[in-house]
Amino acid sequence: MARTTRFVILGGYLGAGKTTLATALARELSAEKGLSVAVITNDQGELLVDTEFVRNAGFDVRSVMGGCFCSDLPQFIKSARSLVSMERPDIIIVEPIGTSTNIISSVILPMRSMCPGEFSIAPLLIVLDGTRVDELLARPQGFGLGGGRMIPRNQVNEAEMVLISKSDLLDSGTVDRVRERLRSEVPDAEVVALSSRTGAGMSEIVRVILSERESTKVREAEDGRLFATERADLGWYNANAAFDAKERSDMYAFITAIMRKVSERFDSDRIAHVKVLIESDSIAMKMSLVGRSLQTDGVRGGRYLTGRGKVVLNARVQGTPQELREALSAAIRSAADEVGITLDQMSEASFQPKPERPTMILNMPAEEAVGPEIKKLIDKAKEDSLGGADVDRATLKKLLEIDPRSKEGEYLGQAARDISRKFFGNKVKIGSSIGIDISPCTMNCKFCSLGEEWGLVKGNNELPGDVIVGLVREVLSKGFFQVTLRTTEFYDLDRLCVLGRKIRTEVPGQYLLTANTGELTDEGALKLYRSGFTGVYHTVRLREGVDTPFDPEVRLASMRAVLASPLMLSVGVEPIGSEHTNDEILDRIELFRAIGPAQVCVMRRENVKGTPLAEHDEIDDYRLAQIVAVTRIAGGKRWGIASHPLTRKAVEWGANHVTVETGANPREDVHEVGVWKVCDHDAARQIVHDAGCEVSTVSDLRCQKCGRVLKAGDIAAV
Ligand code: SF4
């Protein structure tokens, strides 16, 4: 086997027999070949028959709920990575939702781009119900409207191997006819006749899985709107109930009674798939109804049960959610009455599936879409950065000139992400910044809403010490461990030190406390350190001395004072607007490489109406993420990278620190305390997860100067 985890995607329409095959394959690969196998299932709603069935068969199984994998690719990748790190399976079998389409462009190619070398993705296997081929592959008569199906056709056309399931129910003439049809429908795919029941065709699938063949098919995504009508036609109903069989009861009779009632209520062409699983400590039984065809997928133990049990039902049937709920609920209840068992704790959900909105569509492999010259440039920059060499300014400038929305931009972002992953794990720290005072500031920086001349802030206001202590306590109680206190330029340093000592005394624990305040001398920096601060944010801003009245040398002197102290220095490429050139950005990056801060924040200017620089456009999320990526490549492991505001793209492209804020804020025209903004901590956590990263915990706390993992007491003792 290859060293990387083998990834086997088993697609196909509702009722094709994917779960039965996944379980049979897992059994064969583990029992016969001695390999460890895990399964990822995918669906909408809670508690699924498939997940329970695979778990019952003794395999590690993860579920990705809430729609197709493609709609939340980062979550899907996270599930796969978590399986790999915890269980180290040789093979992960992945079963997408039965209505998934465009798997190549929305799952396989993006995964190849986002996780290069991490997984070995096998050719795409599509299971096609051999007993329903004519019905499933009938050509639609209208534009996605009735008379045929668009979804199964799209799935089959994507296949690198089509598996004709239930072949034991077909005569040889029919199998030959289906093969012939598939040869013209999808000529580049292998076709295998399969029976999970007899084992026919299994060895051919296993051979492909165990080979080193990778998925290579490239297929342009079809417009998702084409499938909307079909999806909207289907109602989904999920139910699970505990029950008590006081006397010996026939579970086979229970399931068949449910299925009979469903068949009586709905025409066969309305039933896409109904699955029922019964389980208890002693038995498990799963049956499926597809159209009029009822089949037993698996049985463990006998058919009779006395005592407690559980029934799980998933139905995908044409109809409204309301209609399904009434019909299916009645079917389960009256079948239970028929066999004399008492249902309790029944929970149900009926809904229409959400539309698929893929996280990413790639119509060709990212590496192939990128021009060879630029690919070479990015690859070399990445290699140098990973190896600890400085990437030269000319290269960095070319990287800043790439259109961040292009394939080259994506390739650049992924290179930066790989560097970040190598040096900082896949972890992102969520910091909390508290603006502790507001007052009109006589410095009148042209981007700042606090500038006296703009008249946006009238009076003075300051957060009481106890409120600040409460906010710090709130941050730590949520599991975060970095707090910044932000002041206006002329906030009294001694008062800030008193506040630092108050916080350290009243909120014990291991956490980072950063000051973002006015200019500092060597003595001032030491005072902050002795008052419990662990770091300072200070920087030479873009167009310092032009858009601000500060002499850049004065700002630099403050930064040097911090560097001379035990404090960790964070700096920023900020506040970036559309008017700033690549050279101006590179001037800052080079300055930072020369002085060696622990962290660089890449910050967009948020235009505040009424401030002079609001006449220039803001940069968008892609440009911000691009500057993050280039700053990451320029810094390698020498610095962490914060991004502000918090955007998913910036995290995806290499930022490993983001911040939520409360209190006074020089970027906004509303000064509200107690409400966490750019977003709150929960939303920040979600964005980090959505970007496929984990949120750092205090156990990841490292000295930002030397990278040493800090132990309990290192910070508290400061
Ligand atoms: S950025 Fe700082 S120094 Fe400049 S106006 Fe705002 S508070 Fe004053």
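Residues numbered from 1 in each chain as written. Predicted model: local features only at pLDDT ≥ 70, side-chain atom pairs only at ≥ 80, totals over all residues. Heavy atoms only, no water.

**Some details on the domain arrangement of the protein**
Interfaces are often sized by the accessible area lost when the parts come together.
Alright, step 1. Along its sequence, the protein is carved into domain 1 (5–224), domain 2 (230–351) and domain 3 (388–715).
Alright, step 2. The centre of domain 2, based on its C-alpha atoms, is set 55 Å off from the matching centre of domain 3. (Domains from an automatic or database assignment.)

**Re the environment of L226**
Alright, step 1. Tracing the backbone shows L226 in the loop between α8 (202–210) and α9 (228–233).
Alright, step 2. On the accessibility criterion, L226 (15% relative accessible area) is buried.
Alright, step 3. In sequence terms L226 and I103 are 123 residues apart; their C-alpha atoms lie 15 Å from each other. (Helix = DSSP H or I, 4+ residues; strand = E, 2+ residues; numbered from the N terminus. Buried < 20%, exposed > 50% of the residue type's maximum accessible area, 1.4 Å probe, protein only.)

**A short note on the packing of helix α1 (residues 18–32) against α8**
Alright, step 1. One way to put it is that α1 packs onto α8 with a least axis distance of 11 Å and a crossing angle of 70 degrees. In this view, α1 runs roughly perpendicular relative to α8, as classed from their interaxial angle. Our pair here, α1 against α8, has a crossing hand that is right-handed. Contacts between α1 and α8 pair L21, A24, L25, E28 and L29 from the former with M202, I205, V206, I209 and L210 from the latter. (Axes fitted to C-alpha atoms, helices over the stretch in contact; angles between N-to-C directions. Parallel < 35°, antiparallel > 145°, perpendicular 65-115°, else oblique. Left-handed = near helix turned anticlockwise from the far one by under 90°. Contact = heavy atoms within 4.5 Å.)

**Looking at the site of the ligand**
Alright, step 1. In the vicinity of the ligand, the contacting residues are C441, M443, N444, C445, C448, E489, R541 and F550.
Alright, step 2. Grouping the amino acids of the shell around the ligand by side-chain chemistry returns five nonpolar, one polar and two charged. (Near = heavy atom within 4 Å. Nonpolar A, V, L, I, M, F, W, Y, C, P; charged D, E, K, R; others polar.)

**Observations regarding helix α10 (residues 251–265)**
Owing to its 3.6 residues per turn, the α-helix aligns residues three or four sequence positions apart on the same side.
Alright, step 1. With 15 residues, α10 extends 21 Å between its outermost C-alpha atoms, agreeing within 8% with the 21 Å of an ideal straight helix rising 1.5 Å per residue.
Alright, step 2. If you follow the buried residues of α10, they end up packed against β9 (234–250), β10 (271–279), β11 (284–290), β12 (293–300), β13 (304–318) and α11 (321–339). (Expected span 1.5 Å × (residues − 1).)

**Topic: the packing of aromatic side chains**
Alright, step 1. What the rule picks out here adds up to five aromatic pairs.
Alright, step 2. The interplanar angle of 65 degrees and the centroid separation of 5.8 Å between the aromatic rings of F7 and F76 together place this pair among those described as edge-to-face. With a gap of 69 residues between them, F7 in strand β1 (residues 5–12) and F76 in helix α3 (residues 73–87) connect regions that are remote in the sequence.
Alright, step 3. For F7, a relative accessible area of 0% corresponds to the buried category.
Alright, step 4. Judged by centre distance (5.9 Å) and plane angle (80 degrees), the rings of F243 and F254 are edge-to-face. With F243 in strand β9 and F254 in helix α10, this pair connects stretches of sequence that are eleven residues apart. Side by side, F243 and F254 carry an identical accessibility label, which is buried.
Alright, step 5. Through pairs of rings, three or more aromatic residues link up here, namely F7, F76 and F119.
Alright, step 6. Between the NZ or CZ atom of R504 and the centre of the ring of Y511, over which it lies, the distance is 4.2 Å. (Phe/Tyr/Trp six-rings, centres within 6.5 Å; stacked < 30°, edge-to-face > 60°. Lys NZ or Arg CZ within 6 Å of the ring centre and 35° of its normal.)

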